[in-house]
Amino acid sequence: MKNFINIGGTEEEQVDQIKKWLQTNGLQIVFGVVIGLGAIWGWGFYGDYQDQESQNARALYLTYTADASNSAAYDQLLAEYGSSSYADQAMLLMAKQLFNAGEYQSALNLIEPLAASDNSAISSTAILRTATVYFQLGQHESALSTLDSLSDANFLGLVHSMKGDIYLDLANTAEAQKHYRLAIDNITENSTLIQLIQIKLDDLN
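Residues numbered from 1 in each chain as written. Predicted model: local features only at pLDDT ≥ 70, side-chain atom pairs only at ≥ 80, totals over all residues. Heavy atoms only, no water.

1. What about the layout of surface pockets?
Convention followed: For each structure, a 1 Å grid was placed over the protein atoms alone; sets of points admitting a 1.4 Å probe that cannot get out are labelled cavities, open sets with protein on both sides within 12 Å along at least five of seven lines are labelled pockets, and lining residues have an atom within 4 Å of a point. Grid points are joined across faces, edges and corners, and a volume is the space filled by probe spheres set on the points. Labels follow the DSSP assignment, with helices taken as runs of H or I lasting at least four residues and strands as runs of E lasting at least two, numbered in each case from the N terminus. Classification convention: Asp, Glu, Lys, Arg as charged; Ala, Val, Leu, Ile, Met, Phe, Trp, Tyr, Cys, Pro as nonpolar; all other residues, Gly among them, as polar.
Roughly 380 Å³ of volume is contained in the largest pocket. Along the walls of the largest pocket sit 18 residues, with Thr125, Leu128, Arg129, Thr132 and Met162 positioned nearest its centre. Among the elements that make up the lining of the largest pocket, the one with the highest residue count is helix H5 (residues 120-136) (six residues). The computed volume of the second largest pocket comes to approximately 230 Å³. Around the second largest pocket, the lining comprises 11 residues; the ones closest to its centre are Asn154, Asn186, Ile187, Thr188 and Glu189. Taken together, the residues of the lining of the second largest pocket break down into five nonpolar, five polar and one charged.

Structural data, given as structure tokens:
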């Protein structure tokens, strides 16, 4: 866009300069205003669209959690909102069902990719459940290395508790005791879990 007006000259000369500038750049101004308003409207529309998408995904997720046999809601959630956190949570729930049904490999295939989620709660839960499946399959080393990949300090108590169970299953009493103690040290809220771990620890003494 060209310079607006030159300072100086008579008032009539400045008026003439303004008229000429508007004639030259007027169309660009109009386009600029239209594009600017369009961007503002477009951003607002996108925000509304995202809100609606989130509500739709949440509705499907709640439908599925209310009735875990509702595979239609699960399939629709993954098909239409597969990138949402609700889809990830639904997959965690489905993996839990598969695990309870003894379909360990299917559960593993479903939750392993979730360990890379940007959502710390989802990735940490996926890591813990992946380790649980490996443990159930008797793959102790895989279970331990999976637990080592969990970095969220909020889950350290559960990590050490599971490591204690794994080492106990390996008949490594010293390591089991160590991790049970670490689990108790890292759990601050769930007193019931602490009591259960303490019982295991007492049994080893």
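Once you've had a look at it, read on.
2. Side note on unusual backbone geometry
A positive phi angle, close to 65°, is found at Ala171, a residue other than glycine. With respect to the helices, strands and loops of the structure, Ala171 is situated in the loop between helix H7 (156-169) and helix H8 (173-185).

3. Notes on the pattern of salt bridges
Formally: Any carboxyl oxygen of Asp or Glu within 4 Å of a side-chain nitrogen of Lys or Arg constitutes a salt bridge here. Only protein chains enter the accessibility calculation, which uses a 1.4 Å probe; a residue is then buried when its area is under 20% of its type maximum, exposed when over 50%, and partly exposed in between.
With the rule as written, the count across this model stands at three salt bridges. Of the charged contacts in the structure, one is a salt bridge between Asp148 and Lys163, with a shortest N-O distance of 2.5 Å. Highlighted residues: Asp148 in helix H6 (residues 140-148) and Lys163 in helix H7, separated in sequence by 15 residues. Of the residues examined, Lys163 reaches a relative accessible area of 11% and is grouped as buried.

4. Here's the deal with helix H3 (residues 85-100)
Rule in force here: Residue count minus one, scaled by 1.5 Å, sets the expected span of a helix.
Taking 1.5 Å of rise per residue, the 16 residues of H3 would be expected to cover 22 Å, and the 23 Å separating its terminal C-alpha atoms lies within 8% of that figure. Listed as buried for H3 are Tyr86, Ala87, Asp88, Ala90, Met91, Leu92, Met94, Ala95 and Leu98.

5. Topic: the packing of aromatic side chains
Where we set the bar: Each Phe, Tyr or Trp ring, with Trp reduced to its six-membered ring, pairs with another whose centre is within 6.5 Å; inter-plane angles below 30 degrees give stacked pairs, above 60 give edge-to-face pairs, and intermediate values give tilted ones.
Inspection of every chain in the model, using the stated rule, returns three aromatic pairs. Both rings, one in Tyr61 and one in Tyr86, keep their centres 5.8 Å apart while their planes meet at 45°; by these two values the pair is tilted. Note that Tyr61 is positioned in helix H1 (residues 11-66) and Tyr86 in helix H3, a separation of 25 residues in sequence. Here Tyr61 matches Tyr86 in class, with each residue buried. Ring geometry for Tyr64 and Tyr74: centres 5.1 Å apart, planes at 45°, overall tilted. A residue pair is termed long-range when its members are at least 10 positions apart, and Tyr64 in helix H1 and Tyr74 in helix H2 (residues 71-81) qualify at 10 residues. Both residues of the pair, Tyr64 and Tyr74, count as buried.

6. What to know about the nonpolar core
Just so we agree on the cut-off: Buried residues of nine kinds, namely Ala, Val, Leu, Ile, Met, Phe, Trp, Tyr and Cys, make up a nonpolar core once their side-chain atoms join them within 4.5 Å. Contacts are assigned to residue pairs that have any heavy atoms within 4.5 Å of one another.
Judged by nonpolar contacts, the single largest core of 44 residues is most densely connected at Tyr74, Leu77, Leu110, Leu128 and Leu147. Per-element accounting of this core gives the leading share, eight residues, to H3. Leave out the neighbours within four places in its chain, and Tyr74 touches Tyr64, Ala90, Met91, Met94 and Leu110.

7. As for the side chain of Asp152
Quick note on the threshold: Neither His nor the chain termini are counted; the positive set is Lys and Arg, and the negative set is Asp and Glu. Polar contact is defined as a pair of N or O atoms within 3.5 Å, subject to the rule that within protein one atom must be able to donate a hydrogen and the other to accept it, and that residues adjacent in sequence are counted only when both atoms are side-chain atoms.
Mapping Asp152 onto the fold places it in the loop between H6 and H7. Comment: no salt bridge for buried Asp152; closest opposite-charge side chain is Arg129, at 14 Å. For Asp152, the side chain forms a polar contact with the main-chain nitrogen of Asn154, separated by 2.9 Å. Setting aside residues up to four positions removed in sequence, Asp152 forms contacts with Ser120 and Ser124.

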